[in-house]
Each structure stands twice: as C-alpha cells, then as structure tokens.
Amino acid sequence: MFDWLIVGAGFAGSVLAERIASQRGESVLVIDRRPHISGNAYDRYDEAGLLIHQYGPHIFHTNAKPIFDYLSNFTRWRPYEHRVLAEVDGMLLPIPINLDTVNRLFGLNLDSEGLAAWFAARAERPAEIRTSEDVVVSAVGRELYEKFFRGYTKKQWGVEPSALDKSVTARVPTRTNRDDRYFNDAYQFMPEGGYTRMFERMLGHPNIKIMLQTSFDEVRGRIPFRRLIYTGPIDEFFQFRFGRLPYRSLRFEHVTVNERRHQPVAVVNYPQTQAYTRVTEYKHLTGQQHDRTSLTFEYPCDDGDPYYPVPRAENMELYKRYERLALAQKDVWFVGRLATYRYYNMDQVVGQALSTFRRINQEVPCSTEGDFNPSVAAE
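Residues numbered from 1 in each chain as written. Predicted model: local features only at pLDDT ≥ 70, side-chain atom pairs only at ≥ 80, totals over all residues. Heavy atoms only, no water.

(A) Quick peek at the overall build of the protein chain. Looking only at helices and strands, the protein chain has 15 helices and 17 strands in total. Relative to a compact globule of 379 residues, whose C-alpha radius of gyration would be 21 Å, the protein chain shows 22 Å and is just as compact. Seen through its principal axes, the protein chain has C-alpha atoms that stretch 75 × 50 × 35 Å. A total accessible area of about 17,000 Å² is found for the protein chain, and carbon and sulfur atoms account for 47% of it. Across the protein chain, 48 positive and 48 negative side-chain charges occur, with their mean positions spaced 1 Å apart. (Helix = DSSP H or I, 4+ residues; strand = E, 2+ residues; numbered from the N terminus. Rg over C-alpha atoms; globule rule 2.2 N^0.38 Å. Areas by Shrake-Rupley, 256 points an atom, 1.4 Å probe, with all protein chains shown as cover. Lys, Arg positive; Asp, Glu negative; His and termini not counted. Charge placed at Lys NZ, Arg CZ, Asp CG, Glu CD.)

Below, the structure is given as structure tokens:
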C-alpha cells in the first residue's frame, strides 16, 4: 500500500514526490511511461560522449529565489546566459529583436531613442490586441513580423499567428538597447552535472519507489494507493470523454559533426525557409570540452508526445470541461503543463508543485491505515 501514487517523473511529479517523502515521511510510488526520469528535461550522453538534451534545449532561468534555492539542494550550478540568433535574409541576427538586429538588417546606425521612434513609426495599432500577430505588429510593424515571427510561429504551431492567442508571442520581448540575452531573470544557470543527475538526487529518498515504462492504465486498480497526483494529459485521465485536447509535438534529429564548434551560440532559429525551427548545439550550454560537437534539429509536428497546448479559445473551452471533472475528484491533484493545459517554464512548474505541496500539507493529514480510499485506487 502506497500513501501516494504520482503519475509522471518530470518536474511536477518529482518535486512533489521529494517533498512528500522527505517532509511528510510518506511512501510514494512514481510511475512514468518513458524509460527514464526527468520528463522533457532528460539529458544523456550520446555515442560520442557529448551531453545532449533528448527533447530539445532546456535552459533554467527564474526570478524566484525560493525556487532556485530549492533546486540547489539537488545540484550545483553552472552560470549560463542564453543567447539566440535568427537566420534572416542570410544573416545571423540577435533575437529578441534589439538595436543590433535592426541596424545590421537594414544598414542603419540608430541609437536607442532612434530605434524606439523607428518602431513607433512602423507599428500597426489594432483596436484590440487578441492574437499573436497583433502583439508583434503593434510593437515592431509588419516587416519585422514577416521576417522573424510569422514563419517561425506558423511552423511551430501549424496555424497562422492570427489564429493563436496573444500569449504565444507576448513571451518574446523587443528591446531598444544592445542586450542580446534571451532572458533577463536574476538566476540563469544550468545544472552542473545535467538535469538527469539532479532528478536522480531529487528522487533518491528511500520513501520513493519508481516504475518506468509504466502507464497509469497499467496500475489503475492494480496497485493500491491512498491519494493520487496526476501530471499527465488531463483528457487522457478522463479517457477523452469530451474529445482530445489539441497539442503540438516535436520531432528531434540528433547529429554529431566533426567540428569543435558549429554555430556561435547555443540556439539558432530559422524563421524563413527551412522545415526545422531551430538548431541547438549543447556544448554552449554544458561547457563540455570535446573535439566533436552534437546538434539537435527540431521539427514541429502534430503527431507524437504532447509538448505544447495549442492556445486557442475553443481549446480552452474544452479544457474547462475537463477541469470541472478534475475539481470534483476526491484525493486527486492535477499538476503540471499537461494536467492543467498551460505552457509553463520549468521554474513555473516547480513553483506550482511547491505551492501544491504546501496546500496538501495544510489540508491533508498524514496517511494512516484507516484512510485508504478504494475509489481512488480503482477509478
């Protein structure tokens, strides 16, 4: 009999498993359908001995000291400030768009004040900013939107930016200075030994047991537990009662080349003609020294593991129907990207998991042999 079953060994499930095991002294079974822990943050050494991220680049950044301090219990950190270039019109230019981006692209010599005026002269002001296209054209105008955003966003999501919620492109700022860092957060680091090593320490408590290559359906009704934390797709939990929630997936092509360095930064975006959206070179992230280098090409697609909830109004309406079912569940907590149908950064998922644990700790007495709820185990 386990006190808790946690479905998913990514950030949400692993943080909650660690907190419950170490702070409440309760037994936890963590299951994951993949053959490894760490969720999408899983990293591994490839055949060349280079540390790569199996599911594309994961760069840790946060402004929340409590989240950084919590994860610091399980890893040392390597300082790293992420920089991204975009190949546009045959040039590699900083993204987010900044002063150097515009000056180099158009052969100008603007200063910060001049760039602000340049943006303002080209900005289109819709009556209401509703879509991802609205966000960009209202900030920098249509020409930069077409060069940097439209193609990339359409490849990434499979629809025009005009059909996507404004939250998609609102995540990428525009700058009038030369700051070429992708993030401005106070804490920007990479786990020194990689994400998988960090997760191994997080899940190393003796009260935690792990079963990999195991789906929820395989243990539902077979392994007894008192309470459930579910981090998988919410529509799948309810056996797609109202239909499937749309997700975008990714296909990754990992290659190793006989070069010490392939590109000047870790990530280069391709918003124009290529089928892939970006190429990642991991040695920039890890600091690893090696005669060769490994790259990952990312191809967005509809089929495959769910990565990104598609932010459209009709999809949120469908999610709300599942959310009402979730709120009616007894002794079940839905946590994480897939279970709440939202795009979260890694630090946001950690924050959500820590907040959920505080709520559990306040509301749920520690398990005893008498509080087993068979309906949860068998439902």
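(B) Representation of the sheet that holds strand 14 (residues 278-281) in the model. An order of 8-7-13-14-15-12-16 is seen for the seven strands of this open sheet, with the pairing classed as mixed. The two strands at the open ends of the sheet, each matched to only one other strand, are strand 8 (91-95) and strand 16 (308-309). Relative to strand 8, strand 7 (residues 84-88) runs antiparallel, the two being bridged by five bridges. The residue of strand 8 that forms the bridge with Leu 85 is Pro 94. On the sheet, helix 6 (residues 142-157) packs against strand 7, strand 8, strand 12 (247-257), strand 13 (267-269), strand 14, strand 15 (293-301) and strand 16 and is oriented at approximately 105 degrees with respect to strand 12. (Pairing = 2+ DSSP bridges. Contact = heavy atoms within 4.5 Å. Axes fitted to C-alpha atoms, helices over the stretch in contact; angles between N-to-C directions.)

(C) The arrangement of helix 12 (residues 313-327) in detail. Taking 1.5 Å of rise per residue, 15 residues should cover 21 Å, and helix 12 covers 21 Å from first to last C-alpha, within 8% of that figure. Residues Asn 315, Leu 318, Tyr 319, Tyr 322, Leu 325 and Ala 326 constitute the buried set of helix 12. The buried residues of helix 12 occupy an angular sector of 105 degrees when projected down its axis, which confines them to one face. Of the exposed residues in helix 12, the ones pointing more than 90 degrees away from its buried face are Ala 313, Glu 317, Arg 324 and Leu 327. The secondary structure elements touched by the buried residues of helix 12 are helix 10 (234-237), strand 17 (332-334) and helix 13 (337-340). (Expected span 1.5 Å × (residues − 1). Buried < 20%, exposed > 50% of the residue type's maximum accessible area, 1.4 Å probe, protein only. Arc of directions from axis to C-beta.)

(D) Representation of the layout of surface pockets in the model. Taken as a whole, the second largest pocket spans an internal volume of roughly 1,000 Å³. Only helix 1 (11-24), strand 2 (28-32), helix 9 (216-219), helix 10, strand 12, helix 13 and helix 14 (346-363) provide two or more residues apiece to the lining of the second largest pocket. Across the lining of the second largest pocket, the residue classes tally to 21 nonpolar, 15 polar and 12 charged. (1 Å grid on protein atoms, 1.4 Å probe; cavity = no way out; pocket = protein on both sides within 12 Å on 5 of 7 lines; lining within 4 Å. Points joined across faces, edges and corners; volume = space filled by probe spheres on them. Nonpolar A, V, L, I, M, F, W, Y, C, P; charged D, E, K, R; others polar.)

(E) Expanded view of the side chain of Asp 43. Mapping Asp 43 onto the fold places it in strand 3 (residues 43-45). With no salt bridge to any partner, buried Asp 43 finds its closest opposite charge in Arg 197, at an N-O distance of 6.1 Å. Setting aside residues no more than four positions away along its own chain, Asp 43 makes contact with Leu 51, Ile 52, His 53, Gln 54, Gly 194, Tyr 195 and Thr 196. (Salt bridge = Lys/Arg side-chain N within 4 Å of Asp/Glu carboxyl O.)

(F) Spotlight on the nonpolar core. Phe 11, Val 28, Leu 71, Leu 144, Phe 148, Met 198 and Ile 229 are the most contacted members of the largest nonpolar core, which has 69 residues in total. If near-sequence neighbours (up to four positions away) are discounted, Phe 11 is found in contact with Ala 41, Leu 71, Tyr 195, Met 198, Phe 199, Met 346, Val 349 and Val 350. The next biggest cluster of nonpolar side chains, apart from the first, holds 35 residues, and it includes Phe 2, Tyr 42, Ile 234 and Leu 250. (Core = buried A, V, L, I, M, F, W, Y, C linked by side-chain atoms within 4.5 Å.)

(G) Geometry of the packing of aromatic side chains. What the rule picks out here adds up to 32 aromatic pairs. When the ring of Phe 11 is compared with that of Phe 199, the centres are 4.8 Å apart and the planes differ by 65 degrees; the resulting orientation is edge-to-face. Residue Phe 11 is located in helix 1, and its partner Phe 199 is located in helix 8 (residues 195-202); the two are separated by 188 residues in the primary sequence. Residues Phe 11 and Phe 199 agree in their burial class; the two are buried. Here the aromatic rings of Phe 237 and Phe 238 are separated by 4.8 Å at their centres, their planes lie at 80 degrees, and the arrangement is edge-to-face. No difference in accessibility class separates Phe 237 from Phe 238, as the two residues are buried. Clustering of aromatic rings is evident, with ring pairs tying together Phe 216, Tyr 230, Phe 237, Phe 238, Phe 242, Tyr 322 and Phe 334. Positioned above the aromatic ring of Phe 242, the side-chain terminus of Arg 321 is 4.1 Å from the ring centre. (Phe/Tyr/Trp six-rings, centres within 6.5 Å; stacked < 30°, edge-to-face > 60°. Lys NZ or Arg CZ within 6 Å of the ring centre and 35° of its normal.)

(H) Geometry of the confidence of the model for the protein chain. With 97% of its residues at a pLDDT of 70 or more, the protein chain has an overall mean of 94. Segment residues 369-379 is flagged for pLDDT under 50; beyond a separation of four residues in sequence, or across chains, it makes 26 contacts in the model. (pLDDT = per-residue confidence, 0-100.)

(I) Expanded view of the side chain of Gln 188. With respect to the element layout, Gln 188 can be found in strand 9 (residues 187-191). On the basis of relative accessible area, Gln 188 is assigned to the buried category, the value being 7%. Within the structure, the side chain of Gln 188 is placed 3.0 Å from the backbone oxygen of Asp 185, a separation counted as a polar contact. The residues touching Gln 188, leaving out its near neighbours within four places in the chain, are Phe 60, His 61, Pro 79, Tyr 80, Glu 81, His 82, Arg 181 and Phe 183. (Polar contact = N/O pair within 3.5 Å; in protein donor to acceptor, adjacent residues only side chain to side chain.)

(J) Just the pattern of salt bridges, in detail. Considering all chains together, one arrives at 26 salt bridges under this definition. One salt bridge in this structure joins Glu 160 and Lys 154, with 3.2 Å as the shortest N-O distance. The exposure class of Lys 154 is partly exposed, given its relative accessible area of 42%. Put simply, Arg 278 and Glu 298 hold a salt bridge, and the shortest N to O gap is 2.8 Å. Remark: Glu 298 occurs in strand 15 and Arg 278 occurs in strand 14; sequence separation between them is 20 residues. Overall, the relative accessible area of 18% leaves Arg 278 in the buried class. Since its relative accessible area comes to 1%, Glu 298 is described here as buried. Because the salt bridges share partners, they merge into one network encompassing Glu 81, Arg 83, Asp 179, Asp 180 and Arg 181.

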